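Listed here are the chains, written in short residue letters.
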Amino acid sequence: MPKPRPLIRPLVQALHAYVPGEQPRIRGLIKLNTNENPYPPSERVLAATRAAVDDRLRRYPNPTSQLLRERLARLHGCRPEHILIGNGSDELLALAVRAFVEPEAGSKTLSAATVQYFDPSYSLYPVLAAIHGARVNPVPLAPEFHLPRVTGRGREKRWDAGAALSLVTTPNAPGGRGFATAELEELCAATRGVVVLDEAYVDFARENALELALRHPHVLVFRTFSKAYSLCFQRVGYCVGPADLIGALDRIRDSYNVNGLGQVAALATLQDLPYYRANFRKIIATRERLTGALTDLGFSVIPSQTNFILVKPPGPEAREWLQALRERRILVRWFSTPGISDRLRITIGTDAETDRLLSAVGAILRKRPRR
Ligand SMILES: Cc1ncc(COP(=O)(O)O)c(C=O)c1O
């Protein structure tokens, strides 16, 4: 008897799935582990979403999120053909891998099967490549989480100029550094494959690189309503770029990829931008205050242009800090990944949450055995 074929593909059996941050239900918990916005959606967004919970629920939503594409096109000075809406930007990242990268098994060249990204960056990227059977090329960031130059002598060894897809988190995660548009343009000019500028945190940064997606035939910018627009729950992201690349992603997406309430909430968000811009300013001010206070307490903090900071704590190991803070009902994020396992990523909360975090840090430092 021949051995029966396994029911599950070996690739899937061997896969290390993406590990999202915890969403525990602990009363009084200060949750600073998943870069959610500490401020609620605007009243207008809540009202519009509530008002849409009616007989409409039995119908399919608009399959192309047409109104939302039109509004975003107006906001960004382009046409709706340059915009695609996704079920979170995570969906768009998965579509980009499927649309632009060959699985390694059937590929004529290694570059055609390569997903390239800086290391460390968003830990979903290698998982998406693995699901697709593609190859990865993680290129180390420069010291202190700066963007490395990818052109020039010796550098081309690491950066594959022909990689089918390069995913660049800008501003970076989990480091938090912002990258200048001029640096990013140099990188795009040095790359022949598709470059995705993943701007999930860009509303907290000094610069954005949207113009690169409107000027270059191989550049896409991905944005999300999750972080800056307090809408993680609804799962709405979008991408901007050349119509042929957008069309390719559109061809392979699910027919009704964006749920109806998500479309309603995102549209209402765009009508209330001043509310959100005031929140960005509050979060940036809190980020700067927390950065200063932790630095004074002996933490080493990477300057951030996002809604989180990456810190190296003094004294005990980062993992022990994670536990000590958790015992005080404060949840932050620790990654076991080499290169960042000595750090904690802390999402910026409200001012009151930040005060509680700082007093917990002070208490932990006071309890520390003297050496
Ligand atoms: C760099 C980066 N890109 C994309 C995403 C996904 O966001 P969304 O909620 O739109 O799927 C995240 C979420 O953590 C992220 O950190």
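Residues numbered from 1 in each chain as written. Predicted model: local features only at pLDDT ≥ 70, side-chain atom pairs only at ≥ 80, totals over all residues.

1. Structural notes on the sheet that holds strand 7 (residues 219-224)
Within a sheet, each strand pairs with its neighbour through backbone hydrogen bonds, oriented either parallel or antiparallel.
Right, so step 1: What the 7 strands build is an open sheet, ordered 2-8-7-6-5-3-4; its pairing is mixed. In this open sheet, the two strands that pair with only one neighbour each are strand 2 (83-86) and strand 4 (135-140). Strand-to-strand twist of the sheet, defined as the mean angle between neighbouring strand axes without regard to direction, takes the value 20°.
Right, so step 2: Sheet topology note: the strand 3 (residues 114-119)/strand 4 ladder contains 6 bridges and is parallel. (Pairing = 2+ DSSP bridges. Helix = DSSP H or I, 4+ residues; strand = E, 2+ residues; numbered from the N terminus. Axes fitted to C-alpha atoms, helices over the stretch in contact; angles between N-to-C directions.)

2. Thoughts on helix 4 (residues 89-100)
Right, so step 1: Look at helix 4: 16 Å from first C-alpha to last across 12 residues, which is about the 16 Å you get at 1.5 Å a residue.
Right, so step 2: Along helix 4, the residues that are buried comprise Ser89, Asp90, Glu91, Leu92, Leu93, Ala94, Leu95, Ala96, Val97 and Phe100. (Expected span 1.5 Å × (residues − 1). Buried ≥ 20, exposed ≤ 12 C-beta atoms within 10 Å, placed from the backbone.)

3. Structural notes on the environment of isoleucine 283
Right, so step 1: Inspection of the secondary structure assignment puts isoleucine 283 in helix 10 (residues 273-296).
Right, so step 2: According to the C-beta neighbour criterion, isoleucine 283 is buried, with 24 such atoms within 10 Å.
Right, so step 3: Sequence separation between isoleucine 283 and asparagine 37 is 246 residues, and the spatial gap between their C-alpha atoms is 8.6 Å.
Right, so step 4: With near-sequence residues (within four places) excluded, isoleucine 283 lies in contact with Phe204, Asn307 and Ile348. (Contact = placed C-beta atoms within 7 Å.)

4. Some remarks on the nonpolar core
A general feature of soluble globular proteins is that nonpolar side chains tend to end up buried together.
Right, so step 1: Formed by 93 residues in total, the largest nonpolar core has its most connected members in Ala96, Val97, Leu165, Val196 and Leu220.
Right, so step 2: Counting residues per element, this core draws most heavily on helix 4, at 7 residues.
Right, so step 3: With residues up to four places along the chain from it excluded, the contact list for alanine 96 reads Leu165, Val194, Val196 and Leu249. (Core = buried A, V, L, I, M, F, W, Y, C linked by C-beta atoms within 7 Å.)

5. Some details on the domain arrangement of the protein chain
Right, so step 1: Taken domain by domain, the protein chain holds domain 1 (10-31 + 274-367) and domain 2 (43-272).
Right, so step 2: At the interface, 25 residues of domain 1 touch 26 residues of domain 2.
Right, so step 3: Listing elements by their share of the side of domain 1 that touches domain 2, those giving two or more residues are helix 10 and strand 10 (308-312).
Right, so step 4: Top contributing element to the side of domain 1 that touches domain 2 by residue count: helix 10, with 6 residues.
Right, so step 5: A per-class count over the side of domain 1 that touches domain 2 returns 17 nonpolar, 7 polar and 1 charged. (Domains from an automatic or database assignment. Nonpolar A, V, L, I, M, F, W, Y, C, P; charged D, E, K, R; others polar.)

6. Details of the sheet that holds strand 10
Right, so step 1: The strand order across the open sheet formed by 3 strands is 9-10-12, and the pairing between neighbours is antiparallel. Strands with a single pairing partner mark the edges of an open sheet, and in this sheet they are strand 9 (300-301) and strand 12 (344-347).
Right, so step 2: As judged from the 4 bridges shared by strand 10 and strand 12, these two strands associate in the antiparallel manner. If you follow leucine 310 over to strand 12, its bridge partner there is arginine 345.
Right, so step 3: In this fold helix 10 packs onto strand 9 and strand 10, with an angle of close to 10° to the strand it touches most, strand 10.

7. Looking at the environment of leucine 68
Right, so step 1: When you line up the elements, leucine 68 lands in helix 3 (residues 66-76).
Right, so step 2: Sequence spacing of leucine 68 and isoleucine 83 is 15 residues, and the spatial spacing of their C-alpha atoms is 9.3 Å.
Right, so step 3: In contact with leucine 68, not counting residues within four places along its chain, are Ile85, Gln263, Ala266 and Leu267.

8. Topic: the packing of helix 10 against helix 12 (residues 351-367)
Right, so step 1: Where helix 10 contacts helix 12, the two axes come as close as 11 Å, and the packing angle between them is 10°. Comparing the axis directions of helix 10 and helix 12 gives the class roughly parallel. Of the residues in helix 12, those in contact with Thr286, Arg289, Leu290 and Ala293 of helix 10 are Asp351, Thr354 and Leu358.
Right, so step 2: Residue composition of the contact of helix 10 with helix 12, grouped by class: 3 nonpolar, 2 polar and 2 charged. (Parallel < 35°, antiparallel > 145°, perpendicular 65-115°, else oblique.)

9. A short note on helix 12
Right, so step 1: In a regular helix each residue adds 1.5 Å, so 17 residues correspond to 24 Å; helix 12 covers 25 Å between its end C-alpha atoms and thus fits that length.
Right, so step 2: Burial in helix 12 covers these residues: Thr354, Leu357 and Val361. The arc that holds the buried residues of helix 12, viewed along the axis, is 60°, so those residues lie on one side. Those residues of helix 12 that are exposed and angled more than 90 degrees off the buried face are Ala352, Ser359, Gly362, Ala363, Arg366 and Lys367.
Right, so step 3: Contact partners of the buried residues in helix 12: strand 1 (30-31), helix 10 and strand 11 (330-331). (Arc of directions from axis to C-beta.)

10. Describing unusual backbone geometry
Right, so step 1: Between threonine 170 and the following residue, proline 171, the backbone shows a cis peptide bond with an omega angle of -5°.
Right, so step 2: Its place among the elements puts proline 171 in the loop between strand 5 (165-169) and helix 6 (181-189).
Right, so step 3: Here alanine 173 and proline 174 are connected by a cis peptide whose omega angle stands at 5°.
Right, so step 4: By the element assignment, proline 174 lies in the loop between strand 5 and helix 6.
Right, so step 5: One non-glycine residue with positive phi stands out, namely serine 65, at about 50°.
Right, so step 6: The residue serine 65 is located in the loop between helix 2 (43-51) and helix 3 in this model.
Right, so step 7: Using a count of 27 C-beta atoms within 10 Å as the deciding quantity, one classes serine 65 as buried.
Right, so step 8: Non-glycine residue arginine 235 carries a positive phi angle of around 60°.
Right, so step 9: Along the chain, arginine 235 falls in the loop between strand 7 and strand 8 (237-240).
Right, so step 10: Given 21 C-beta atoms within 10 Å, arginine 235 falls into the buried group.

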